[in-house]
Amino acid sequence: MMQTPASTTAEADADLYLPRPATVRSRTVLTATEMLFELAMDDGKPLGHMPGQFVEVSLPGIGEAPISVSSSPDGRDRFELVVRRAGRVTAAMHDCRMGERVGIRGPFGTHFPVDGVLRGRDVVFIAGGLGLAPLRSAIQYVLNHRKDYGRVTVLYGIKSPVERMFLDELDDWSRRPDMTFMETVDRADATWKGNVGVITRLIPAAEIDPKRSIVVACGPPIMYKFVIVSLYSIDVANEDIYVSLERRMKCGIGKCGHCQIGGLYACLEGPVFHYPVLLGVEEAI
Amino acid sequence: MPAKKLSQSALALWVRKLIETRRVVAPQAKAEHFAYAPLSQAEDLRLDHDVTILPPRKYLMPPSEVLLRFTRKDGYTSVIEHEPMILFGVHPYDVAAIAQADRYFLHDRPDIHYQTRRRSITIVASDVQNASEDVFAACLGTATVHDGFDVLLTRVGDAYVIESRTPAGDALLALAQDLQEADPVSLGRREQVWEDAQKLLRRQVLKCNPQELPALLDAAREHPVWEKRSQTCFSCGSCVTVCPSCFCFDVEDELDPDLQSGTRRRQWDACLLSGFAVVAGGHNFRKRREERYRHRFYRKAKYLPERFGFMGCVGCGRCVKACTAGIANPVEVYNTLLEGAS
Ligand SMILES: Cc1cc2nc3c(=O)[nH]c(=O)nc-3n(C[C@H](O)[C@H](O)[C@H](O)COP(=O)(O)OP(=O)(O)OC[C@H]3O[C@@H](n4cnc5c(N)ncnc54)[C@H](O)[C@@H]3O)c2cc1C
Ligand code: SF4
Ligand code: SF4
Ligand code: FES
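Residues numbered from 1 in each chain as written. Chains lettered and ligands numbered in written order. Predicted model: local features only at pLDDT ≥ 70, side-chain atom pairs only at ≥ 80, totals over all residues. Heavy atoms only, no water.

*Asks:* With reference to specific residues and values, describe the sheet that holds strand 9 (residues 152–158) of chain A.
*Replies:* All names here are of chain A. Judged by pairing direction, the sheet is mixed, and its seven strands sit side by side in the order 11-10-9-8-12-13-16 without closing on themselves. Each edge of the open sheet is held by one strand with a lone partner, namely strand 11 (195–196) and strand 16 (272–274). Across six bridges, strand 8 (residues 122–128) lies against strand 9 in parallel orientation. Residue pairing in the sheet places Phe125 in a bridge with Val154 of strand 9. Contacts between helix 2 (residues 132–144) and the sheet are confined to strand 8, strand 9 and strand 12 (213–218), with strand 8 contributing the most and set at about 155° to the helix. Contacting strand 9 and strand 10 (180–185), helix 3 (residues 167–175) crosses the sheet at an angle of about 130° to strand 10. (Pairing = 2+ DSSP bridges. Helix = DSSP H or I, 4+ residues; strand = E, 2+ residues; numbered from the N terminus. Contact = heavy atoms within 4.5 Å. Axes fitted to C-alpha atoms, helices over the stretch in contact; angles between N-to-C directions.)

Okay, here's the thing in structure tokens:
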């Protein structure tokens, strides 16, 4: 007589794949394709993330997607995600109303060294497009602890003015006396009065002191190629560069194999990498 | 427990007994080949198999496995599927691959789905009696194994030497009748089987020590072999599907017909498939066939050894036949690189 297959339901906390419930507290349209969600874990506890880390967001029957936390962790039990409509999960996320429940795993991955090597240094944030979403968490963190850092500079590049996110914050950053904010668009429209051109154009103009600065960059793959060259030309050392890389991710915990960059796992050793680690790693940048 | 000896007929009786008590999965004939399947009668057991089409991995990590159940109302709950089972007649190289999977899924933060399934499986290993055409396990140190199993069976003439290594193995042996103490002659013959395995399981010869492969690959990124051999690659993923040392997976949700509940499942995935590294927006981090083809060898012979201390290949040779383009053979690839290096 053979035994039939067994299947049991195990204690929740041991399962790395089990999302924890969280509730949508508010949602704000940012652009035609990006929506900002404010979430709170149902257990009432803070998410416990550091800037640059990501969560896996689950919607039942649709699936899971890695999304960076866009808000600073400082003393808040809510956290924010910027979601660009890009496929199944992100589109369904856009349909989520206030009060609806989603699943959250994480936070996962490495973070920007806001609590480490950035302290006492000039900090230069370089954000390309949606890359502003994860960087915003670090920018907020640095501004909340402003005296711990030297000069603070934010460079923001997007394709066209309609893609600008967080208009109030951008406005605030551009007015603050204790930081420099510069932005550019690839293509202007009738309303645009600012800089036109790719983000690398801002780098020489930003008066970055290569000896004192640490550069933290996040943007599409193509951006890094040019930004790195441009930083090199103003003598920023590789040791002073951090980048955040996106890869396909199916687990977030180093098991599914999808996020490999050479022998590195973007979900474990990344998404934030110290740039020297990536030198000589094929497929990285 | 010290090694015992079992006659052929006593072995058959024992297997019958095991089938009565537990689900037994073992290599059996399938058309011209062999395959693991649930064993319904002792007569179907083929300990003389050369290699099975698929490795026993499918019992530790099924092609599609439920991880979670969800309902729209109550959210997610873990589903830990497992099935008490005896994997019977597992060749040493496949035992070695299971030990790799253990390390891969249980290091650091253990994967409870794998862990639970693994714990309900008892492994009866079997030394190889007939070698498959493409095997090169002896070049990788997996022609014989000395741990990673519960029981080891070795054919010595008309009888078997049988040795248990774990309490689970002892419990299986307790069901055997006519167990004799293994005599020195039989034990000597077993030693001989192990020694012979080093020659038998070397149908292909890797011309270097596997420890040298990471350094060899380090210098081989731009080697023409990747482009040349991958020209005819169908990106079908067969080489990965048959591999006992491949563990990558995809995760997908499936809705029940009521649209209110469903399951989250993981499925085998393959880095050779064109969409494996595609992200939203359509950017593919391994767009070219050659890059995907190369990644498989780098993962196996460089990334896994550097990260986990094992090579993601046990020399079973399954990928050689599975590849209709005839390009998946690791020995050919590494030996080609070696020619260039010397
Ligand atoms: C660390 C990290 C942080 C991230 N942070 C954010 C963030 O803050 N905000 C944000 O909006 N996004 C973020 N992303 C990206 C986000 O995870 C993806 O946009 C999301 O996973 C898309 O999932 P989806 O189900 O909506 O799309 P899917 O339905 O999975 O598909 C999206 C697109 O990917 C392509 N694609 C998918 N699968 C295949 C395939 N098999 N073959 C070919 N093409 C395929 C297609 O072009 C498709 O249109 C982040 C990603 C990572 C890794
Ligand atoms: S790579 Fe080929 S020979 Fe090596 S373990 Fe996998 S299937 Fe067997
Ligand atoms: S190497 Fe062979 S088996 Fe592997 S994907 Fe290419 S054609 Fe398929
Ligand atoms: S996302 Fe699965 S291994 Fe990194």
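*Asks:* Residue-level account of the sheet that holds strand 11 (residues 180–181) of chain B, with values.
*Replies:* Residue and element names in this part refer to chain B. Read from one edge to the other, the open sheet built from eight strands follows the order 3-2-7-8-9-10-1-11, with strand pairing classed as mixed. Edge positions in the sheet fall to strand 3 (33–38) and strand 11, since each has one partner strand and no second. Strand direction decides the pairing type here: strand 1 (residues 4–7) and strand 11, joined by two bridges, are antiparallel. The residue of strand 11 that forms the bridge with Lys5 is Gln180. Against the sheet, helix 1 (residues 8–21) makes contact with strand 1, strand 2 (23–30), strand 7 (85–90), strand 9 (151–156) and strand 10 (159–164), and its axis sits at roughly 95° relative to strand 1, the strand it touches most. Packing against the sheet, helix 6 (residues 184–200) makes contact with strand 1, strand 9 and strand 10, and its axis sits at approximately 95° to strand 9.

*Asks:* Just give me the short version of the interface of chain A and chain B, but keep the residues and values in it.
*Replies:* Taken together, the contacts link 47 residues of chain A with 53 residues of chain B. Across the chain A/chain B interface, buried area totals approximately 4400 Å², and carbon plus sulfur atoms make up 51% of it. When the buried surface of chain A facing chain B is broken down by residue, Tyr17, Pro60 and Lys255 of chain A rank first, second and third, together holding 15% of it. Viewed at the interface, chain B and chain A are joined by three salt bridges. A salt bridge links Lys250 of chain A to Asp250 of chain B; the nearest nitrogen and oxygen atoms lie 3.5 Å apart. The tally of links between chain A and chain B comes to 26 residue pairs in polar contact (both at pLDDT 80 or more). For the side of chain A that touches chain B, the secondary structure elements donating two or more residues are strand 1 (6–8), strand 4 (54–59), strand 5 (63–68) and strand 7 (101–108) of chain A. Looking at the side of chain A that touches chain B residue by residue, the class counts come to 22 nonpolar, 14 polar and eleven charged. (Buried area = accessible area lost by both parts, 1.4 Å probe. Salt bridge = Lys/Arg side-chain N within 4 Å of Asp/Glu carboxyl O. Polar contact = N/O pair within 3.5 Å; in protein donor to acceptor, adjacent residues only side chain to side chain. Nonpolar A, V, L, I, M, F, W, Y, C, P; charged D, E, K, R; others polar.)

*Asks:* I'd like to hear about the site of ligand 3, residue by residue, with values.
*Replies:* All names here are of chain B. Cys233, Phe234, Ser235, Cys236, Gly237, Ser238, Cys239, Leu272, Cys323, Ala325 and Ile327 make up every residue found near ligand 3. Taking a 2 Å distance to the grid points as the criterion, the majority of the atoms of ligand 3 fall inside the largest cavity. Of the residues that constitute the shell around ligand 3, the class distribution is eight nonpolar, three polar and no charged. (Near = heavy atom within 4 Å. 1 Å grid on protein atoms, 1.4 Å probe; cavity = no way out; pocket = protein on both sides within 12 Å on 5 of 7 lines; lining within 4 Å. Sits in = over half its atoms within 2 Å of the grid points.)

*Asks:* An account of the domain arrangement of chain B is requested, with residue identities and associated values reported.
*Replies:* All names here are of chain B. Domain boundaries assigned for chain B yield domain 1 (4–200) and domain 2 (210–249 + 269–341). Distance between the C-alpha centres of domain 1 and domain 2: 27 Å. On the side of domain 2, 27 residues touch domain 1, which itself brings 27 residues to the contact. Here domain 1 packs against domain 2, burying approximately 2200 Å² in sum over the two surfaces, 64% of which is carbon and sulfur. Residue Asp94 pairs with Arg318 through a salt bridge whose shortest N-O separation is 2.7 Å. (Domains from an automatic or database assignment.)

*Asks:* Kindly report on the nonpolar core, identifying the contributing residues and their values.
*Replies:* One finds Val114, Phe125, Ile126, Leu132 and Trp173 of chain A together with Leu87 of chain B to be the most contacted residues of the largest nonpolar core, which totals 121 residues. Each residue touching Phe125 of chain A, except ones within four places of it in the same chain, is listed here: Leu135, Ala138, Ile139, Val142, Val152, Thr153, Val154, Leu155 and Val216 of chain A. Cys139, Cys248, Cys313 and Val320 of chain B belong to the second-largest nonpolar core, a separate cluster that totals 39 residues. (Core = buried A, V, L, I, M, F, W, Y, C linked by side-chain atoms within 4.5 Å. Buried < 20%, exposed > 50% of the residue type's maximum accessible area, 1.4 Å probe, protein only.)

*Asks:* With reference to specific residues and values, describe the pairing of strand 8 (residues 121–126) of chain B.
*Replies:* Successive side chains on a regular strand alternate, one facing one side of the sheet and the next facing the other. All names here are of chain B. Among the six residues in strand 8, six count as buried, and that is most of the element. Every second residue of strand 8 is oriented toward a common face, with Ile121, Ile123 and Ala125 on one face and Thr122, Val124 and Ser126 on the other, all of them buried. Taken together, the five bridges between strand 7 and strand 8 define a ladder with parallel strand orientation. The residue of strand 8 that forms the bridge with Val90 is Ala125.

*Asks:* I'd like a rundown of the side chain of Ser186 of chain B, residues and numbers included.
*Replies:* Residue and element names in this part refer to chain B. By secondary structure assignment, the location of Ser186 is in helix 6. A residue is classified by how much of its surface remains accessible, and Ser186, at 4% relative accessible area, is buried. A polar contact is formed between the side chain of Ser186 and the side chain of Asp183, at a distance of 2.9 Å.

*Asks:* Before we move on, can you summarise empty space enclosed by the protein with the specific residues and values?
*Replies:* Residue and element names in this part refer to chain B. Counting across every chain of the model gives five cavities of 30 Å³ or more. Estimated volume of the largest cavity: approximately 100 Å³. Lining the largest cavity are 15 residues, with Cys233, Cys236, Cys239, Cys323 and Ile327 sitting closest to its centre. Breaking the lining of the largest cavity down by element, the ones donating at least two residues are helix 9 (238–241) and helix 10 (289–308). (Points joined across faces, edges and corners; volume = space filled by probe spheres on them.)

*Asks:* I'd love a proper account of the pairing of strand 9 of chain A, names of residues and values included.
*Replies:* Residues and elements named next belong to chain A. With seven of seven residues buried, strand 9 is to be regarded as a mostly interior element. Neither face of strand 9 is exposed, since Val152, Val154, Tyr156 and Ile158 on one face and Thr153, Leu155 and Gly157 on the opposite face are all buried. The β-α-β motif built from strand 8, the intervening helix 2 and the parallel element strand 9 has right-handed crossover chirality. As paired strands, strand 9 and strand 10 are joined by six bridges and run parallel to one another. What sits directly across from Thr153, in strand 10, is Thr180. Handedness of the crossover joining strand 9 and strand 10 through helix 3 is recorded here as right-handed. (Right-handed = clockwise from strand over helix to strand, strands pointing away.)

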